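Geometric and topological summary
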Amino acid sequence: MLPFRLQPLFLALLLSYPAFSLADPVNNGKAGIPPVQISGNTEISAIKPIPEVNLWNRIRQGYGIPDLQGTLVNSQLNWYSTRSDYILRTTERASHYLYHVVEELEKRGMPTELALLPFIESAFNPLAVSSAKASGMWQFIPSTGKDFNLKQNMFQDERRGVLDSTDAALTYLQRLYDMFGDWQLALAAYNWGEGSVQRAIKKQQAAGLPTDFNSMSYLMPKETQNYVPKLQAVKNIIGNPDYFNIVLPKVENQPYFASVEKTRDIDVRVAAQLAELTLAEFKELNPQFNRPIITGSADTKILLPADNVEIYKNNLSKWEGPLSSWTAYTVGKSERIESIARRVGAAPNVLKDVNQVPANMMVKAGSTLLIPRTTRSEDNDISQLVVDHASLSMTRDDTRQIYLTTSKKDTLGSIARRYKVSAEQIKDWNNLKSDTLKSGQKLHIEVAAASAKRDTGRAIVISAARKSVALNRKTKKITVAEARLAKKHG
């Protein structure tokens, strides 16, 4: 492509001149401008193309998927073109990620309109989650994410990570294109599943019918029927926004973000502070971290706006406080968040919030919780083994809190037997250091709700029996059953 626009008459004159040709023999006949000789041995090199400064233009120049036409495209085009506010919000959000996606597409020789696909998938929201539990900008379901080695554990979900999910999505799309030899069918398979598209092709072939997208769309679910037309509609709008009276935000043809290697575990809050970003700004580029701490090996990267990288490094070199305020803890048998919180000096609702435990749920033994570091905690990073295998299992909280005041006769053992718990649990729940109880001491016990109901009912029966025995003693009429019950519960 010529680096400047030539007027038709001037171009005709140039082409008629025998010394000038748009065919460059050095480039095997490809269009080009040869060096121009000026006075003797002085040579001026060929005029270099001016680098594209607008990323939208770069995307337009790389369009490579055949245009789709039809009523479905027209319908989607009408929908998008009449919602300029939606287009503006989505394109502004996309501006943070587009350069990276376009770079990766061009490296692979793939059509650049594929950079617009997250427009359809997630509106470029990396935190988007569908009803089918698809997550991230490229909307990977859990099983497909695992197929493409996207880690999904308690600490991070790489389906939301900008770098990892983009690499996986483009690898998947290229695989689908290699399978079907058609980008429209590859896109349909990305949405519907490769097996579904293969079966549709076989059905068409058996009937002697064409196997292009338009010919097969009647076999597809409604979502997939509209999926490729949606991309075509967005492609048309980005290709000629003036025609639709839409003003796209300016997107520089240069990286918006750069990656920084993580050296130690670091709190998300601290990382944002060092980069001089708000938490929201930091999470826009690092949405994959599920917890308030960024763990993982040296391979873990933090993304920052390019202008903030040196700020981050400079502030990190001067930082004197702890990088991380959290450590991992394995829940023991019969332990509750409330007792763990008391032990580490934290509010139970804080631990539940950090570990994403709903109010009506309790964690099972063996689960991994994040708890605040204490002065007794070792200043070690959470091990990669813990990160990779950490799990959080929950069950409905069917326990009931019982509060009591001890009498002179009460011991840990007698109270434990009464409520069918262990003495150690009572000590843990009440943060007791000694095995000895004082009269009048207030304790709380945690028992299963069903057991508590049974105990309450039993207490009522025993109370009634005692009243019956007391009453009948006056008349000397005590049944054998009543006597046994009275003796048993004294």
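Residues numbered from 1 in each chain as written. Predicted model: local features only at pLDDT ≥ 70, side-chain atom pairs only at ≥ 80, totals over all residues. Heavy atoms only, no water.

1. Side note on empty space enclosed by the protein
Under the defined criterion, the tally for this structure stands at two cavities of 30 Å³ or more. A volume near 60 Å³ is recorded for the largest cavity. Ile65, Pro66, Leu68, Glu113, Gln184, Leu187, Val228, Leu231, Gln232 and Lys235 are the residues that line the largest cavity. Counting residues per element, the ones that place at least two in the lining of the largest cavity are helix H9 (183–192) and helix H12 (222–239). Looking at the lining of the largest cavity element by element, the count peaks at four residues for H12. Residue composition of the lining of the largest cavity, grouped by class: six nonpolar, two polar and two charged. Approximately 40 Å³ is the volume found for the second largest cavity. In this structure, the second largest cavity is lined by Arg336, Ile337, Glu338, Lys352, Met361, Met362 and Val363. Taken together, the elements giving at least two residues each to the lining of the second largest cavity come down to helix H16 (337–344) and strand S10 (361–363). With three residues, the top contributor of residues to the lining of the second largest cavity is S10. Classifying every residue of the lining of the second largest cavity gives four nonpolar, no polar and three charged. (1 Å grid on protein atoms, 1.4 Å probe; cavity = no way out; pocket = protein on both sides within 12 Å on 5 of 7 lines; lining within 4 Å. Points joined across faces, edges and corners; volume = space filled by probe spheres on them. Helix = DSSP H or I, 4+ residues; strand = E, 2+ residues; numbered from the N terminus. Nonpolar A, V, L, I, M, F, W, Y, C, P; charged D, E, K, R; others polar.)

2. Details of the packing of helix H8 (residues 162–180) against H9
Following both chains from N to C, one finds H8 and H9 inclined at 125°, their axes separated by 8 Å at the closest point. Taken as axis vectors, H8 and H9 run oblique relative to one another. Once H8 is placed against H9, the crossing between them reads as right-handed. Counting all contacts with H8, which are made through Ala169, Tyr172, Leu173, Gln174, Leu176, Tyr177 and Phe180, the residues of H9 involved are Trp183, Leu185, Ala186, Leu187, Ala189 and Tyr190. (Axes fitted to C-alpha atoms, helices over the stretch in contact; angles between N-to-C directions. Parallel < 35°, antiparallel > 145°, perpendicular 65-115°, else oblique. Left-handed = near helix turned anticlockwise from the far one by under 90°. Contact = heavy atoms within 4.5 Å.)

3. A few points about the packing of aromatic side chains
For the structure shown, the criterion picks out 11 aromatic pairs. Ring centres 6.3 Å apart and planes at 35° place the aromatic pair tyrosine 80 and tyrosine 86 in the tilted group. The class for tyrosine 80 is buried, based on a relative accessible area of 4%. Seen from their ring centres, tyrosine 80 and phenylalanine 119 are 6.0 Å apart, and the 75° between their planes marks the pair as edge-to-face. In this pair, tyrosine 80 sits in helix H3 (residues 71–81) while phenylalanine 119 sits in helix H6 (residues 117–121), placing the two residues 39 residues apart along the sequence. A single burial state applies to tyrosine 80 and to phenylalanine 119, both of which are buried. Three or more aromatic residues joined by ring pairs form one cluster here, namely Trp79, Tyr80, Tyr86 and Phe119. Stacked on the ring of tyrosine 63, the Lys or Arg lysine 235 has its end atom at 5.1 Å from the ring centre. (Phe/Tyr/Trp six-rings, centres within 6.5 Å; stacked < 30°, edge-to-face > 60°. Buried < 20%, exposed > 50% of the residue type's maximum accessible area, 1.4 Å probe, protein only. Lys NZ or Arg CZ within 6 Å of the ring centre and 35° of its normal.)

4. Side note on the layout of surface pockets
There is about 510 Å³ of room inside the largest pocket. Surrounding the largest pocket, 22 residues form its lining, Glu121, Gln139, Tyr190, Asn191 and Glu223 being those nearest its centre.

5. Quick word on the side chain of lysine 427
Within the fold, lysine 427 resides in helix H20 (residues 423–430). Setting aside anything within four residues of it in sequence, one finds lysine 427 in contact with Leu412, Leu432, Lys433, Ser434 and Asp435.

None of the figures reported here should be taken as evidence of function without further support.
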